[in-house]
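A structural walkthrough
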Amino acid sequence: MSFSTLIDAATLAEQLHQPGWVICDVRHQLADTGYGERVYREGHLPGAVFFHCDRDLSGAMNGKNGRHPLPDAAEFCRRLGAAGIERSTQVVIYDDCQGMFAGRLWWLLRALGHARVAVLDGGMQAWQAAGGPCTADLPQPVSVRYEPTGSFAGVVETRTVLAQLGSPAMCLVDGRSPDRFRGENETIDPVGGHIPGTRNRFFRDNLGPDGRLKPAETLRTEWLQFLAGADPASVVHQCGSGVSACLNQLAMEVAGLSGSKLYAGSWSEWCADSTRPIATH
């Protein structure tokens, strides 16, 4: 049994103590970076290991590479191994923020060529609603070797985005909320607006009222309408810092629309250079 996009709470409960499975807790809040560790210590899925969005899923900031630059691939592989994850492991990831952070770890693993990785659909809320157990017991993972890779695949750099602005070869999709896309209510980044020519698909538009991803058929219909003939392989996802954009890519994968890429630096990297063009309409 293998899962590469989503897994529901009932199925995970059946596989909870399955050998070769590792559950990852990536709960986080942008305005309170200690939140995830606090709630993890209070209670988490049995056996779940904790990954911090800033320390584990991101690299060092230098003022020009965005708020959540990609981690060093070799160092990230070492972190995976320390958590008991190897290339054959079935990884399941959850958060309590509608997949906003779970999608980031899902993308990182997929970009390393790790196919057996899935997001818990509906996150912690769905798990608790299904009566799933939680514990404050801390796991003691057995360290293994996660075979390193040269780099993350499917990454688009700023220079490529700049060179392809306005080209049909690139369909740039911004996963932020519509108001931030328009440059309104910007409280996170120093400059408001978006990259010219970008289309806006708020990552939460992929979710139903229950916080779970919409059915695959619905997502496919919505994304095809949104793309309006653009090749899914031409899509480059971005958001504020390359985190919530990953949920848009996950939604496309669920919809059977594969091949999109990620501009990891996203808006926070783009707007760090005042010479780059900005749009607000």
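Cut-off values and rules
- Residues numbered from 1 in each chain as written.
- Predicted model: local features only at pLDDT ≥ 70, side-chain atom pairs only at ≥ 80, totals over all residues.
- Heavy atoms only, no water.
- Phe/Tyr/Trp six-rings, centres within 6.5 Å; stacked < 30°, edge-to-face > 60°.
- Helix = DSSP H or I, 4+ residues; strand = E, 2+ residues; numbered from the N terminus.
- Buried < 20%, exposed > 50% of the residue type's maximum accessible area, 1.4 Å probe, protein only.
- Lys NZ or Arg CZ within 6 Å of the ring centre and 35° of its normal.
- Axes fitted to C-alpha atoms, helices over the stretch in contact; angles between N-to-C directions.
- Parallel < 35°, antiparallel > 145°, perpendicular 65-115°, else oblique.
- Left-handed = near helix turned anticlockwise from the far one by under 90°.
- Contact = heavy atoms within 4.5 Å.
- Nonpolar A, V, L, I, M, F, W, Y, C, P; charged D, E, K, R; others polar.
- Lys, Arg positive; Asp, Glu negative; His and termini not counted.
- Salt bridge = Lys/Arg side-chain N within 4 Å of Asp/Glu carboxyl O.
- Polar contact = N/O pair within 3.5 Å; in protein donor to acceptor, adjacent residues only side chain to side chain.
- Expected span 1.5 Å × (residues − 1).
- Arc of directions from axis to C-beta.

Looking now at the packing of aromatic side chains. Scanning all chains against the criterion turns up 6 aromatic pairs. Both rings, one in Trp-107 and one in Phe-152, keep their centres 6.2 Å apart while their planes meet at 35°; by these two values the pair is tilted. One end of the pair, Trp-107, is in helix α4 (residues 102–111); the other, Phe-152, is in the loop between α5 (123–129) and α6 (158–163), with 45 residues separating them in the sequence. Given a relative accessible area of 3%, Trp-107 falls into the buried group. A cation sits over an aromatic face here: Arg-79 above Phe-51, 4.1 Å from the ring centre. Just above the ring of Trp-270 sits the side chain of Arg-276; from NZ or CZ to the centre is 5.9 Å.

This part takes up the packing of α4 against helix α9 (residues 245–254). At a closest axis distance of 8 Å, the pairing of α4 and α9 adopts a crossing angle of 65°. As judged from the angle between their axes, α4 and α9 are roughly perpendicular. Between α4 and α9 the crossing geometry is left-handed. Across the interface between the two elements, Gly-103, Arg-104, Trp-106, Trp-107 and Arg-110 from α4 touch Cys-246, Gln-249, Leu-250 and Glu-253 from α9. Residue classes in the contact of α4 with α9 are distributed as 4 nonpolar, 2 polar and 3 charged.

So, on to the side chain of Asp-96. Structurally, the position occupied by Asp-96 is in the loop between β4 (90–94) and α4. Buried within the structure, Asp-96 lacks any salt-bridge partner; its nearest side chain of opposite charge belongs to Arg-27, at an N-O separation of 4.7 Å. A polar atom in the side chain of Asp-96 sits 2.4 Å from the side chain of Tyr-35. Apart from residues no more than four positions distant in its own chain, Asp-96 is found in contact with Arg-27, Tyr-35, Met-124 and Gln-125.

Time to look at the pattern of salt bridges. Tallied over the entire structure, the rule returns 17 salt bridges. For Asp-25, the salt bridge identified is with Arg-27, shortest N-O distance 2.7 Å. The exposure class assigned to Asp-25 is buried, which follows from its relative accessible area of 0%. Of the charged contacts, one joins Arg-38 and Asp-32 as a salt bridge, the two residues approaching to 2.5 Å between their closest N and O atoms. A residue is classified by how much of its surface remains accessible, and Arg-38, at 35% relative accessible area, is partly exposed. Linked through salt bridges whose partners overlap, the residues forming this network are Arg-67, Asp-174, Arg-176, Arg-180, Glu-186 and Asp-189.

Before going further, it helps to spend a moment on the packing of helix α8 (residues 216–227) against α9. Here α8 crosses α9 at 115°, and the two axes come no closer than 8 Å. The pairing of α8 with α9 is recorded here as roughly perpendicular in orientation. The two elements α8 and α9 cross, and the hand of that crossing is left-handed. Between α8 and α9, the contacting residues are Ala-216, Leu-219, Trp-223 and Leu-227 on the first element and Asn-248, Ala-251, Met-252 and Val-254 on the second. The residue inventory of the contact of α8 with α9, partitioned by class, reads 7 nonpolar, 1 polar and no charged.

To continue, consider α8. Here α8 is 12 residues long and its end C-alpha atoms lie 16 Å apart, about the 16 Å a rise of 1.5 Å per residue gives. Listing the buried residues of α8 in full gives Leu-219, Trp-223, Phe-226 and Leu-227. Down the axis of α8, the sector holding all buried residues measures 90°, keeping them to one side. The exposed residues of α8 that point more than 90 degrees off its buried face are Glu-217, Thr-221 and Gln-225. Trailing α8 by a residue or two, Ala-228 shows a phi angle of about 50°, which is positive.

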